[in-house]
Amino acid sequence: MLIPVAAVLGVVVHAQLAAHLPRVPLPRPAATAQRVAVHQNSTAAGTRAGRRLELALDVVEGAWRPEGSDDPEVPVLAFAEAGKTPLIPGPMIRVPQGTEVAL
C-alpha cells in the first residue's frame, strides 16, 4: 500500500505543532454561580390556566459539568424558572396551538 508523502508530512507537522501548544485552563464559574442541572424534558414549564400559559424565566450565571459529575465545572448562562434550578437545555415550553404565552 502506498501512502502519499504529503499525507505523512501533514500528520507529522500537525503533531509537532500540537505538541508545543500551551494548555489553557478552563475558566472557573463565579463563587455565586448556581449549579446547572440537565433537563430531562419530562415536565413542561410555567402555569397554564385555560388557553394562557404564564412563565417567568430568569437568565442566571451557572456552573455546569458538561462531561459528567467527575469533571470540572465551566461557567454558562442558563434559563431558570423563577425560584427554580437553572436547566440545560432550558425549561421546556409545551402548549397546544392557539395558547397565549405570557413571558
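Above this text you will find the structure in question.
Anyway, here's the lowdown on the structure attached to this text.

Rules behind the numbers
- Residues numbered from 1 in each chain as written.
- Predicted model: local features only at pLDDT ≥ 70, side-chain atom pairs only at ≥ 80, totals over all residues.
- Heavy atoms only, no water.
- Helix = DSSP H or I, 4+ residues; strand = E, 2+ residues; numbered from the N terminus.
- Salt bridge = Lys/Arg side-chain N within 4 Å of Asp/Glu carboxyl O.
- Buried < 20%, exposed > 50% of the residue type's maximum accessible area, 1.4 Å probe, protein only.
- Core = buried A, V, L, I, M, F, W, Y, C linked by side-chain atoms within 4.5 Å.
- Contact = heavy atoms within 4.5 Å.
- Pairing = 2+ DSSP bridges.
- Axes fitted to C-alpha atoms, helices over the stretch in contact; angles between N-to-C directions.

Digging into unusual backbone geometry
Of note, the amide linkage connecting Ile88 to Pro89 takes the cis form, showing an omega dihedral of -15 degrees. Summarising the element assignment, Pro89 is placed in the loop between strand 7 (87-88) and strand 8 (100-102). In this structure, Asn41 takes a positive phi of about 55 degrees despite not being glycine. Counting through the fold element by element, Asn41 comes out in the loop between strand 2 (37-38) and strand 3 (47-49).

Let's talk about the pattern of salt bridges
Evaluated as defined, the whole model comprises five salt bridges. Across the salt bridge formed by Glu81 and Lys84, the nearest N and O atoms sit 3.7 Å from each other. A relative accessible area of 15% places Glu81 in the buried class. It is possible to trace a salt-bridge network through shared partners that takes in Arg35, Arg65 and Glu73.

A short note on the nonpolar core
Val36, Val74, Val76, Ala78 and Ile88 together form the largest nonpolar core, which totals five residues. Here this core takes three residues from strand 6 (residues 74-81), the largest share from any one element. Each residue touching Val74, except ones within four places of it in the same chain, is listed here: Leu26, Pro27, Pro29, Gly62, Ala63, Trp64 and Pro66.

Here we look at the sheet that holds strand 4 (residues 52-54)
With mixed pairing, the three strands of this open sheet are ordered in space as 3-4-8. Either end of the sheet is taken by a strand with one partner, and the two such strands are strand 3 and strand 8. Ignoring which end each strand starts from, the neighbouring axes of this sheet average 20 degrees apart. In this structure, strand 4 lies alongside strand 8, joined through three bridges in parallel fashion. Its bridge partner being in strand 8, Leu53 is matched across the sheet by Val101.

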